[in-house]
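What the coordinates show
Chain by chain, the residues run as shown.
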Amino acid sequence: MIRIFHHYVSKMAFMLLMLELMVLLTAAVASAPLWLKGAQAGPDSLYLPALAFALVLVFSMGTLGMYQHNQPREDIKNTLLRILPSFVLGFVLFSMLASLLPGTQFVRLGSMVFVVGGAAVLLARLLVFTSAQSSMLEQRLIIIGDGATAHECMELATTGVGFHQFRVVGCVPVEGETRRVPPTVLLPPELSLLALARRHAADEIIVSVGDRRNGAFPVRQLLECALGGVRVTDAASFFEREACQIRVDSLQPSYLIFGGGFDQSLLRAAVKRAFDLLASAAICVAALPAMALTALAIRIEDGGPVFYQQERVGRDNRPFKVLKFRSMRVDAEVDGKPRWASEDDPRVTAVGHWIRKLRIDELPQMLNVFKGEMSFVGPRPERAYFVEQLCREIAYYNVRHGIKPGITGLAQVRYRYGASVDDAVRKLQYDLYYVKNNSLFLDLLILIDTVQVVLFGKGR
């Protein structure tokens, strides 16, 4: 993994994006005789259209999820099925760009350039995916500990959520932990950690021990491993790096205090506010017909109010009224008692079912963004009744109120619909990651993931 603006990105995914950008640029330049048609090939007439072509297609492939973490597990058939709609979308976007800039050479790029580019991308992906599945690129891990956290580290490493492969060569038991890993993965305790790492050619040691104050925690041996060239990583850092989660169960307060991030500078606030306004205005304009039809459908269905206001908790625990299209019956909480909203909630109306499925019910919250009560990307705002309950039951829950809540967020695109305290814990792990590492780069990635969820049914 590499870090770009505080956000962890797979090295393989970044290399794939850069490779395909160069491949597409090369394909456009190489096929220049097909679209220049005898025109004088100056820098403006050749390289600018080629660069625009490459950037538009990379954006299209990213929008349709072609740089997500599970791509190397796909075969050639699924890869081809992803490339085709991506290039169709790229063709549409590039045609729109050419119509907006009619005086440029953009209009000359024909369908043959897209065919050449598609073949080049397919060849590049076959090369990268074959290399990614090679055991030569496999990272070998040793886990210190044999408890619940060690078991979760094993699951994360072996489920293949990243572009690269992990292999857990074994776990080193630590006195005082309740064993949760199979006995077959335990390594002999009589050898030192450095000797074990060299014997098994381990690339990294993951420390999953929670209680580090007793004498069983091998501090000196871990230091020897670090000095001996073996990377030593805390379990919390491993989860943050590989799963974009800050795990509450393995979190030490010092990790949040000294771990960096939490950018609240004036520059970051100004950039985020500009992004909020631009993204909200653009989506408002694009979604105006859908919003008008939704309002009409809600009114026709039961004659009730179109909009629904509900008090939510915002930044610094300040309450505000969130605005949404009404998706439930008017008497959904006639007794006045707040209830968790579930995925198949019987209180949801027929129109409400579809506008929830398509996330149209969230669109009026653009007004909350314009008023400065919300951001476009951030943790979802929760009701005060549930916030009080969750703050009592979940450690660090109130940290998510350090920034403005959002219409969409990392938890919304990575986790399913939350309807319990356990779901709130799992979503909090993504929210803490976003609060700690939020940036314009991460906002753009979440926006792209949101498009995939809403339009193409991808993600959660």
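Everything below is about the structure shown above.
What this report covers is the structure whose coordinates are included nearby. The model shown is predicted, which means the values in this text are computed figures rather than measured ones. (Residues numbered from 1 in each chain as written. Predicted model: local features only at pLDDT ≥ 70, side-chain atom pairs only at ≥ 80, totals over all residues. Heavy atoms only, no water.)

The secondary structure content of the protein amounts to 17 helices and 10 strands. Evaluated residue by residue, the protein yields a buried proportion of 48% over its 460 residues. In the protein, once contacts between residues fewer than 6 apart in sequence are set aside, the share between residues at least 24 apart is 75%. (Helix = DSSP H or I, 4+ residues; strand = E, 2+ residues; numbered from the N terminus. Buried < 20%, exposed > 50% of the residue type's maximum accessible area, 1.4 Å probe, protein only. Contact = heavy atoms within 4.5 Å.)

Attention shifts here to the nonpolar core. Counting 47 residues, the largest nonpolar core has Phe325, Phe376, Leu410 and Tyr433 as its most contacted members. When residues in this core are grouped by element, the largest group, seven residues, is from helix α16 (residues 421–437). Excluding residues within four positions of it along the chain, tyrosine 433 makes contact with His6, His7, Tyr8, Glu240, Cys244, Gln245, Ile246, Leu410 and Leu442. Of all hydrophobic cores here, the second largest spans 23 residues; its members include Ala50, Val56, Tyr67 and Phe94. (Core = buried A, V, L, I, M, F, W, Y, C linked by side-chain atoms within 4.5 Å.)

Moving on, we get to the sheet that holds strand β4 (residues 166–172). The strand order across the open sheet built from four strands is β4-β3-β5-β6, with neighbouring strands paired in parallel fashion. Single-partner strands in this sheet number two, and they are β4 and β6 (231–234). Taken pair by pair, the neighbouring strands of this sheet meet at an average axis angle of 25°, ignoring direction. Across four bridges, the pairing between strand β5 (residues 204–207) and β6 is parallel. (Pairing = 2+ DSSP bridges. Axes fitted to C-alpha atoms, helices over the stretch in contact; angles between N-to-C directions.)

In terms of burial, helix α9 (residues 235–243) is a largely internal element, eight of the nine residues being buried. Looking only at α9, the buried set comprises Ala235, Ala236, Phe238, Phe239, Glu240, Arg241, Glu242 and Ala243. One or two steps after α9, the chain reaches cysteine 244, where phi turns positive at roughly 55°.

Inspection of helix α12 (residues 350–357) places Val351, Gly352, Ile355 and Arg356 among the buried residues, and these make up the whole buried set. Looking straight down α12, one finds that the buried residues subtend no more than 125° of arc, so they occupy a single side. Seen from the open side of α12, the exposed residues pointing more than 90 degrees away from its buried face are Ala350 and Trp354. In the core, the buried residues of α12 are packed alongside α11 (266–302) and β8 (319–325). At the C-terminal side of α12, arginine 359 shows a positive phi close to 65°. (Arc of directions from axis to C-beta.)

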